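Breakdown of the fold
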Amino acid sequence: MEHPLAHVVDRIDPDARYRIPDVAVLLDLAVTSTQTLTASGWFPCSTFEPRPAPAHSRRVWTGAALIAAADTDPPPLDHTKYAPSTLWRLGCRCDDCLAWHNHHS
């Protein structure tokens, strides 16, 4: 399966900095889904930038790191962690995800 960032690589500025909400917008996913994907290793090469309490840091990627990630094989899709809507947007075309897509399109 192709990495979902491969479909939006032309919209990624290699010199920009991206946070989870920015990646969510790029992929048309919910922020919570993007957070789960991040924790599962879908978007490697992030760094942490400091921010005020109570959250002391947040993940940030360079556009170049996201472009590089787009050229990698993503981890396997986990149907126990993600909704069919998220999995469909990531490229899953199994029967359950296809049924969700057909019902909602």
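For the structure, see preceding data.
Note that the coordinates shown come from a computational prediction; the quantities given were computed from them, not determined experimentally.

A look at the nonpolar core
- Among the nonpolar cores identified, the biggest contains 23 residues, and L5, F43 and L66 are the most heavily contacted of them.
- Elements that contribute at least two residues to this core include exactly α1 (20-27), α3 (63-70) and α4 (84-90).

Points about the state of the cysteines
- Following the criterion strictly, the structure yields zero disulfides and no others.
- Here C97 stays unpaired: no disulfide links it, and the sulfur of C94, its closest cysteine neighbor, is 3.6 Å away.

Description of the layout of surface pockets
- Estimates place the volume of the largest pocket at around 190 Å³.
- Lining the largest pocket are 13 residues, with P4, H7, R89, L90 and G91 positioned closest to its centre.
- Here the lining of the largest pocket gets three residues from one element, more than from any other, and that element is α4.
- Per-class residue counts for the lining of the largest pocket are seven nonpolar, two polar and four charged.

Remarks on the packing of aromatic side chains
- Taken as a whole, this structure holds one aromatic pair when the rule is applied.
- Ring centres of F43 and W61 lie 6.2 Å apart, and the angle between their planes is 85 degrees; on these two criteria the pair is classed as edge-to-face. Placement of the pair is F43 in the loop between α2 (31-39) and β2 (47-50) and W61 in strand β3 (residues 57-62), with a sequence separation of 18 residues.
- By relative accessible area, which is 1% here, W61 ends up buried.
- A cation over an aromatic ring shows up here: R93 above the ring of W88, its NZ or CZ 3.6 Å from the ring centre.

Quick word on the pattern of salt bridges
- Here the structure, examined in full by the defined rule, presents four salt bridges.
- For the salt bridge of R17 with E49, the shortest nitrogen-to-oxygen distance reads 2.9 Å. Note that R17 is positioned in strand β1 (residues 17-18) and E49 in strand β2, a separation of 32 residues in sequence.
- Here E49 falls in the buried class, since its relative accessible area comes to 11%.
- One salt bridge in this structure joins R19 and E49, with 2.7 Å as the shortest N-O distance. Pair noted here: R19 is in the loop between β1 and α1 and E49 is in strand β2, with a separation of 30 residues, a long-range link.
- Here the salt bridges share partners, and the residues they tie into one network are R17, R19, E49 and R58.

A short note on α2
- Buried residues of α2: S33, T34, L37 and T38, and no others. End-on, the buried residues of α2 take up no more than an arc of 140 degrees, which puts them together on one face. Opposite the buried face of α2, by more than 90 degrees, sit the exposed residues T32 and A39.
- Phi turns positive, to about 90 degrees, at G41, one or two residues after α2.

Cut-offs used in this document
Residues numbered from 1 in each chain as written. Predicted model: local features only at pLDDT ≥ 70, side-chain atom pairs only at ≥ 80, totals over all residues. Heavy atoms only, no water. Core = buried A, V, L, I, M, F, W, Y, C linked by side-chain atoms within 4.5 Å. Buried < 20%, exposed > 50% of the residue type's maximum accessible area, 1.4 Å probe, protein only. Helix = DSSP H or I, 4+ residues; strand = E, 2+ residues; numbered from the N terminus. Disulfide = S-S within 2.5 Å. 1 Å grid on protein atoms, 1.4 Å probe; cavity = no way out; pocket = protein on both sides within 12 Å on 5 of 7 lines; lining within 4 Å. Points joined across faces, edges and corners; volume = space filled by probe spheres on them. Nonpolar A, V, L, I, M, F, W, Y, C, P; charged D, E, K, R; others polar. Phe/Tyr/Trp six-rings, centres within 6.5 Å; stacked < 30°, edge-to-face > 60°. Lys NZ or Arg CZ within 6 Å of the ring centre and 35° of its normal. Salt bridge = Lys/Arg side-chain N within 4 Å of Asp/Glu carboxyl O. Arc of directions from axis to C-beta.

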